[in-house]
Amino acid sequence: MVDYHAANQSYQYGPSSGGNGAGGGGSMGDYMAQEDDWDRDLLLDPAWEKQQRKTFTAWCNSHLRKAGTQIENIDEDFRDGLKLMLLLEVISGERLPKPERGKMRVHKINNVNKALDFIASKGVKLVSIGAEEIVDGNAKMTLGMIWTIILRFAIQDISVEETSAKEGLLLWCQRKTAPYKNVNVQNFHISWKDGLAFNALIHRHRPELIEYDKLRKDDPVTNLNNAFEVAEKYLDIPKMLDAEDIVNTARPDEKAIMTYVSSFYHAFSGAQKAETAANRICKVLAVNQENEHLMEDYERLASDLLEWIRRTIPWLEDRVPQKTIQEMQQKLEDFRDYRRVHKPPKVQEKCQLEINFNTLQTKLRLSNRPAFMPSEGRMVSDINNGWQHLEQAEKGYEEWLLNEIRRLERLDHLAEKFRQKASIHEAWTDGKEAMLKHRDYETATLSDIKALIRKHEAFESDLAAHQDRVEQIAAIAQELNELDYYDSHNVNTRCQKICDQWDALGSLTHSRREALEKTEKQLETIDQLHLEYAKRAAPFNNWMESAMEDLQDMFIVHTIEEIEGLISAHDQFKSTLPDADREREAILAIHKEAQRIAESNHIKLSGSNPYTTVTPQIINSKWEKVQQLVPKRDHALLEEQSKQQSNEHLRRQFASQANVVGPWIQTKMEEIGRISIEMNGTLEDQLSHLKRYERSIVEYKPNLDLLEQQHQLIQEALIFDNKHTNYTMEHVRVGWEQLLTTIARTINEVENQILTRDAKGISQEQMQEFRASFNHFDKDHGGALGPEEFKACLISLGYDVENDRQKQTGSMDSDDFRALLISTGYSLGDAEFNRIMSVVDPNHSGLVTFQAFIDFMSRETTDTDTADQVIASFKVLAGDKNFITAEELRRELPPDQAEYCIARMAPYQGPDAVPGALDYKSFSTALYGESDL
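Per chain, residue numbering runs from 1 following the sequence as it is written. For a predicted model such as this one, the threshold for reporting local features is a pLDDT of at least 70, and the threshold for listing and counting side-chain atom pairs is 80 or more; totals across whole chains, interfaces and linings nevertheless cover every residue. Only hydrogens and water are set aside when side-chain values are computed; all heavy atoms of the structure are taken into account.

As a reminder, the rule being used: UniProt positions are given in the numbering used here, feature names are shortened, and annotations may be inferred rather than shown by experiment.
As annotated in an unreviewed UniProt entry, the chain is Actinin alpha 4 from Suricata suricatta. UniProt's Sequence similarities (unreviewed entry) comment on the chain is quoted here verbatim: "Belongs to the alpha-actinin family."

1. Here we look at the environment of Ala-744
Applied cut-off: Under the DSSP-based scheme used, a helix requires at least four consecutive residues in state H or I and a strand at least two consecutive residues in state E, with every element numbered from the N terminus. Working rule for contacts: check all heavy atoms of both residues, and any pair within 4.5 Å makes them a contact.
Mapped onto the fold, Ala-744 is located in helix H28 (residues 729-760). Along the primary structure Ala-744 and Cys-351 are separated by 393 residues, whereas in three dimensions their C-alpha atoms are 7.7 Å apart. Setting aside anything within four residues of it in sequence, one finds Ala-744 in contact with Cys-351 and Ile-355.

2. Looking at unusual backbone geometry
Even without being a glycine, His-844 presents a positive backbone phi close to 55°. For His-844, the location among the structural elements is in the loop between helix H32 (830-840) and strand E4 (848-849).

3. Let's talk about the pattern of salt bridges
Stated formally: Any Lys or Arg side-chain nitrogen located within 4 Å of an Asp or Glu carboxyl oxygen qualifies as a salt bridge. The classification of residues rests on relative accessible area computed with a 1.4 Å probe and restricted to protein chains. Under 20% of the type maximum is buried, over 50% is exposed, and intermediate values are partly exposed.
All told, the structure shown has 49 salt bridges when counted by the stated rule. Between Glu-585 and Arg-584 there is a salt bridge whose closest N-O contact spans 2.9 Å. Classification of Arg-584 as buried rests on a relative accessible area of 10%. When salt bridges with common partners are traced through the structure, they connect Lys-50, Lys-54, Lys-239, Asp-242 and Asp-245 into a single cluster.

4. Things to note about the packing of aromatic side chains
What counts, and what does not: Aromatic rings from Phe, Tyr and Trp, taking only the six-membered ring of Trp, are treated as a pair when their centres fall within 6.5 Å; an angle between ring planes under 30 degrees marks them as stacked, one over 60 as edge-to-face, and anything in between as tilted.
Considering all chains together, one arrives at 23 aromatic pairs under this definition. Seen from their ring centres, Phe-540 and Trp-543 are 5.7 Å apart, and the 20° between their planes marks the pair as stacked. A residue pair is termed a helical-turn pair when its members lie 3 or 4 positions apart in one helix, as Phe-540 and Trp-543 do in helix H22 (residues 528-552) at three residues. Residue classification places Trp-543 among the partly exposed positions, given a relative accessible area of 28%.

5. Structural notes on the nonpolar core
The following threshold applies: We define the nonpolar core as a collection of buried residues of types Ala, Val, Leu, Ile, Met, Phe, Trp, Tyr and Cys that are connected through side-chain atoms lying within 4.5 Å of one another.
The biggest cluster of nonpolar side chains holds 75 residues, and the ones touching the most others in it are Ile-149, Trp-192 and Phe-198. Among the elements that line this core, the one with the most residues is helix H8 (residues 139-155), at eleven residues. Grouped together as the second largest cluster of nonpolar side chains are 48 residues, Leu-650, Leu-687, Phe-790 and Met-857 included.

As structure tokens, then:
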């Protein structure tokens with residue numbers, strides 16, 4: 001016999017409420033409120049009114065017949081209230097007040113009121129239904145009252161997976177009919193018109209009563225009659241509707257169908273225990289499958305990240321310098337691409353990997369599973385160690401690249417300077433060796449000999465003047481060797497050739513002097529003017545050559561001060577030009593004087609000045625060259641000054657942006673630290689606030705991109721220092737990465753707290769109390785408690801950690817604390833506190849995080865699935881046997897989870913084993929880490 005005894009819950013029903021309460025009492029009340037006027041309009045439809053009359057009448061008679069009576073006309077037979085009171089007694093199992101047997105209207109009204117009062121006593125609030133309307137035979141109100149009774153006593157207590165009433169009944173129908181073709185139950189009207197759903201319900205529970213495969217979707221009348229007749233004959237469910245009532249209506253009445261289907265539910269409620277057991281197993285297996293998937297994802301992501309780190313570190317540790325600036329600049333560009341393109345996604349992957357690992361551990365902890373241990377070499381610590389090695393390799397790589405570029409730039413400058421000075425020297429020495437070897441003095445006249453002696457003295461003066469250039473050439477070659485110039489071999493060969501030639505010139509000069517001195521006594525006259533000209537022309541010529549060399553000399557500067565120093569030196573050089581011009585005029589005047597004397601004395605000079613090869617034409621030519629080189633030098637220095645001014649602008653531009661971005665990142669890091677400690681409101685509010693905060697941080701990214709662009713301009717301009725800011729691009733990048741990682745970890749911590757709260761049933765008030773206690777004792781706001789702080793926090797929540805001496809905590813005095821201990825009943829000794837510390841601090845770090853604190857408090861106040869509960873559920877599915885078969889698993893569980901169990905269950909070895917028997921006990925203990933799965 002079906003039991004319709006109702007639980008004493010308080011609900012509110014309208015005159016004819018529909019049961020749509022998926023979440024308990026509150027949701028049922030909402031459904032009733034929404035359906036308050038359901039029949040006030042719908043009963044105007046004669047077809048629906050007819051279906052309700054027939055269904056409700058049959059439902060009432062199915063109970064009244066237990067008392068030996070029935071009704072014929074639902075709105076007439078309940079008017080005196082007698083059968084209405086009898087119906088309520090039968091379905092509730094309780095006695096109502098004694099009815100009045102009089103025939104007067106007042107007696108009928110009193111009887112109906114007694115019935116309505118009884119309905120109201122069961123937590124049903126009747127709206128707009130009065131006894132007078134029932135007594136007057138108001139069909140609309142009578143049907144509404146009967147629907148209220150059906151909802152309260154036949155449908156309200158239906159519960160499937162934490163849903164109740166209408167949604168629970170609909171979910172039950174969907175579960176039971178899911179394996180059947182052409183059946184898709186989505187409601188309680190259209191989904192039942194073809195009759196297949198009714199037949200599927202019967203076949204699912206009593207397959208011997210229905211030949212489901214022979215039913216046709218296009219023959220609804222036959223299907224409906226078949227289901228109704230079988231239900232009435234074998235299941236004791238009276239026929240409440242005719243097939244034609246359903247088929248000939250565009251939309252069958254929902255209340256009639258629900259009433260009919262609820263009878264099927266109660267008829268098959270005996271099978272509900274097995275379904276509940278199957279649902280428990282499905283839930284446990286689903287959690288296990290999801291966790292295994294997360295473990296596989298972690299292993300794959302960890303392997304990929306570690307492989308990338310392994311490939312990248314050797315590249316960053318490669319310090320083999322290149323030979324040219326272009327090759328080193330290409331390496332610098334490759335490094336920039338690595339920092340801008342390749343590394344940021346890996347930073348995100350590393351952060352996401354840590355978040356996934358923490359989430360997985362939280363889910364395993366919440367589902368009472370053992371902690372996940374990654375395979376060897378793929379622990380979070382291994383990834384952090386590898387990442388630290390990567391950071392160390394990266395740290396000095398960029399600085400090394402820039403230093404190498406500076407070194408190569410200096411090498412190129414020195415090499416060019418060497419070539420220029422060597423070319424000038426080689427040009428000067430060209431022909432000198434042949435001249436010194438010439439034996440012209442053997443056939444020269446006395447005057448010629450005297451001239452040769454003077455000429456040789458001038459050459460020696462010139463030779464001494466070139467000694468500095470040779471020493472400079474050797475010094476430059478030595479510096480190139482010390483700086484490991486790639487073309488040092490050719491430089492050394494050329495330098496050696498110059499030095500050998502210089503030594504040969506010295507030796508030849510000495511030999512020629514000795515030869516000339518032998519004939520020196522024969523020299524009588526010397527043209528003093530020519531000699532004076534030669535003596536003054538030679539140093540002046542050397543000065544002009546040096547000036548031309550200096551004016552064409554290359555220069556390299558890095559600051560505005562250096563270029564201004566060069567400009568100042570050049571201005572000082574230009575100030576000496578008037579004196580040099582006067583010296584030139586004086587030298588030319590000597591030559592003119594010699595010419596004037598020769599002409600005036602009719603002396604025929606034999607060609608050019610015998611004492612020097614520096615003619616007035618050469619002096620004028622070189623002087624003109626100096627005059628041309630001066631403005632070119634002016635232009636080059638002004639261009640370099642403009643370049644350095646541009647570089648200074650780039651420095652100031654970068655510094656201006658960096659001095660804003662750097663403090664902004666530091667401020668945000670401090671704000672995140674405060675937010676993580678001073679969180680207010682619900683966890684969802686905190687999570688929403690943190691995500692908005694995260695978006696505000698991400699929206700700041702364009703400022704960082706702008707700084708990257710300015711930094712690239714600085715590097716392209718080969719600017720190596722910036723006195724206007726203490727922030728480097730490296731500092732800003734590291735700060736930005738730390739900021740993104742910190743906010744992501746803080747969000748993940750709140751998400752894990754939400755998971756813990758929802759899984760363990762912790763209320764928002766409890767969570768806030770835990771947070772307030774934790775923050776109170778976290779004096780340094782470090783996000784973790786030491787053992788003494790943790791002990792004080794436990795005491796503030798009612799734990800007596802020290803039996804012998806009681807310590808004042810928070811704002812409690814000793815008396816208040818003793819009263820709290822007595823009221824809570826907690827008493828933990830040192831051994832118990834050490835046990836608690838081993839749980840919340842398994843690594844013995846001496847610190848207890850807020851997440852560990854929440855996990856401990858949730859374990860102390862809530863319960864979770866255990867291996868014993870899963871074993872008991874399997875035993876229900878197995879019919880109290882110590883083993884279960886694959887057929888039973890496939891019948892009771894969804895296909896994927898049934899196959900999951902079959903693949904992992906070991907054969908049962910007990911004495912009562914049968915072929916194909918599976919051991920569900922060892923499988924259940926393995927799910928919780930008590931043995932190997």
